[in-house]
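Coordinate inspection notes
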Amino acid sequence: MIDIERNLQTIKASLPKDVTLVAVSKTKPVSEIMKAYAAGQRVFGENKIQEMVQKWETMPKDISWHMIGHVQTNKVKYMAHFVDLIHAVDSLKLLKEIDKQAKKHERTINCLLQIKIAQEESKFGLKEEDAIALLDSDEVKKLTNVHIQGLMGMATFTNNQNQIKAEFEKIKAFFDDNTTKYPELKTLSIGMSGDYRIAIDCASTMVRIGSSIFGARN
């Protein structure tokens, strides 16, 4: 039997006070997520919009929902009325759609630009120069209902801790190099169940932890 409350308390005790814990609840039933909620957790991350919508409809409304998976533009409309943060923004087209849908609900949606730091071809994300081009773009500056508040990265899925650390250090250096020019960049979302301690050492401000809280996924 997974002790969700104890797992949460253990992880929270190991995190610096200024680090936000996103409990990754994807594929987990509402009954399990409610155990984390009862233990005080209020930020949850999902990677499928339809699943997140269903959970939002049935769960308490003081939850902050984060979309952590790759987002298709035609699906943004289904979450625009409630999503708090979209982690994996990797194109101007997606930013424009988020802005358009947010406007319909008279709200601003927070976003993170996903930077490609992993060596795996399957990982999404922007090259550093493309992220700068987006931030500097007149089209992005005209968007009134999106707020780019930081960067997100996923390390290579490997047991090589030195490689993971090098990838996290790369995005951290890029983040540090640009926070003066773009003061709105305050969030660095790196680190998951298997590597969040390395991410914390690399000054992560937000970690996305699922299996260490809820147990392995089926």
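Here the residue numbers are simple positions, counted from 1 along each chain's written sequence. Given that this is a predicted model, residues contribute local features only at a pLDDT of at least 70 and side-chain atom pairs are listed and counted only at 80 or more, while totals for whole chains, interfaces and linings are drawn from all residues. Water and hydrogen atoms were dropped before computing side-chain values, which therefore reflect all heavy atoms in the structure.

A word on the sheet that holds strand S1 (residues 20–24)
Pairing between the strands of a sheet comes from backbone hydrogen bonds, and it takes one of two forms, parallel or antiparallel. Taking strand neighbours around the barrel as the criterion, the eight strands line up as S1-S2-S3-S4-S5-S6-S7-S8 in a closed arrangement whose pairing is parallel. Between one strand axis and the next, the sheet turns through 30° on average, direction left out of account. When DSSP locates at least two bridges between a pair of strands, those strands are taken to pair. The way it works is that DSSP assigns letters per residue, a run of H or I at least four long becomes a helix, a run of E at least two long becomes a strand, and they are numbered from the N terminus. Judged from the three bridges that link them, strand S4 (residues 85–89) and strand S5 (residues 109–114) form a sheet pairing that is parallel. When the bridges of S5 are listed, Leu 85 appears paired with Asn 110. Note on definitions: angles span 0 to 180 degrees between N-to-C directions of axes, and those axes are lines fitted to C-alpha atoms, for helices only across the stretch in contact.

Digging into the packing of aromatic side chains
For this analysis, a ring pair means two rings from Phe, Tyr or Trp (six-membered ring only for Trp) whose centres lie within 6.5 Å, classed as stacked if their planes differ by under 30 degrees, edge-to-face if by over 60, and tilted for the remaining angles. Taken as a whole and assessed by the stated rule, the structure comprises two aromatic pairs. Between Trp 56 and Phe 82, the ring centres sit 4.7 Å apart and the planes meet at 15°, which makes this aromatic pair stacked. Taken together, the residues Trp 56 in helix H3 (residues 49–58) and Phe 82 in the loop between strand S3 (64–67) and S4 connect sequence positions 26 residues apart. Here the term buried applies to any residue with accessible area under 20% of the maximum for its type, exposed to any over 50%, and partly exposed to those in between, with areas from a 1.4 Å probe on protein chains only. Relative accessible area serves as the criterion here: at 21%, Trp 56 is assigned to the partly exposed category. A relative accessible area of 6% means that Phe 82 is categorised as buried.

Notes on the pattern of salt bridges
Close approach of charged atoms allows side chains with opposite charge to pair. We count a salt bridge whenever a side-chain nitrogen from Lys or Arg sits within 4 Å of a carboxyl oxygen from Asp or Glu. Enumeration according to the criterion identifies twelve salt bridges in this entry. Asp 99 is the partner of Lys 103 in a salt bridge, and the nearest nitrogen-oxygen pair spans 2.9 Å. Of this pair, Lys 103 and Asp 99 are both found in helix H4 (residues 92–104), four residues apart, which corresponds to roughly one turn of the helix. Judged by its relative accessible area of 43%, Lys 103 is partly exposed. The exposure class assigned to Asp 99 is buried, which follows from its relative accessible area of 4%.

Let's talk about the environment of Gly 191
Inspection of the secondary structure assignment puts Gly 191 in strand S7 (residues 187–192). Under the relative-accessibility criterion, Gly 191 is labelled buried at 2%. A contact between two residues is defined here by any heavy atoms of the two lying within 4.5 Å. Once residues within four sequence positions are removed from consideration, Gly 191 is found in contact with Phe 168, Tyr 196, Ala 199, Val 207 and Arg 208.

Things to note about the side chain of Glu 51
On the secondary structure map, Glu 51 appears in helix H3. Discounting chain neighbours no more than four positions away, the residues touching Glu 51 are Ser 25, Lys 26, Thr 27, Lys 28 and Glu 46.

Considerations on the nonpolar core
Residues belong to one nonpolar core when they are buried, are Ala, Val, Leu, Ile, Met, Phe, Trp, Tyr or Cys, and are joined through side-chain atoms within 4.5 Å. In terms of nonpolar packing, the biggest core is built from 63 residues, with Leu 95 and Leu 113 touching the most fellow members. When residues in this core are grouped by element, the largest group, five residues, is from helix H7 (residues 161–178). With seven residues, the next largest nonpolar core counts Val 43, Ala 88, Leu 112 and Met 152 among its residues.

Observations regarding the packing of helix H5 (residues 128–136) against H7
The axes of two packed helices give the description: the angle between them and the distance between them. At a minimum axis distance of 12 Å, the contact between H5 and H7 shows a crossing angle of 30°. Judged on the interaxial angle alone, H7 and H5 are roughly parallel. In this structure, the crossing between H5 and H7 has a hand that is right-handed. On H7, the residues touching Glu 128, Ala 131 and Ile 132 of H5 are Lys 170, Phe 174 and Asn 178. Tallied by class, residues from the contact of H5 with H7 come to three nonpolar, one polar and two charged. Note on angle classes: values under 35 degrees are labelled roughly parallel, values over 145 roughly antiparallel, values of 65 to 115 roughly perpendicular, and the remainder oblique. The crossing is said to be left-handed when, going from far helix to near helix, the turn is anticlockwise and less than a right angle, and right-handed when the turn is clockwise. Residue polarity follows a fixed list, in which Ala, Val, Leu, Ile, Met, Phe, Trp, Tyr, Cys and Pro are nonpolar, Asp, Glu, Lys and Arg are charged, and the others, Gly among them, are polar.

Some words on the pairing of strand S6 (residues 146–152)
Remember that side chains alternate between the two faces of the sheet whenever the strand is regular. Burial runs high along S6: six of the seven residues are buried. As paired strands, S5 and S6 are joined by six bridges and run parallel to one another. Within the sheet, the bridge partner assigned to Leu 113 lies in S6 and is Leu 151. Relative to S7, S6 runs parallel, the two sharing three bridges.

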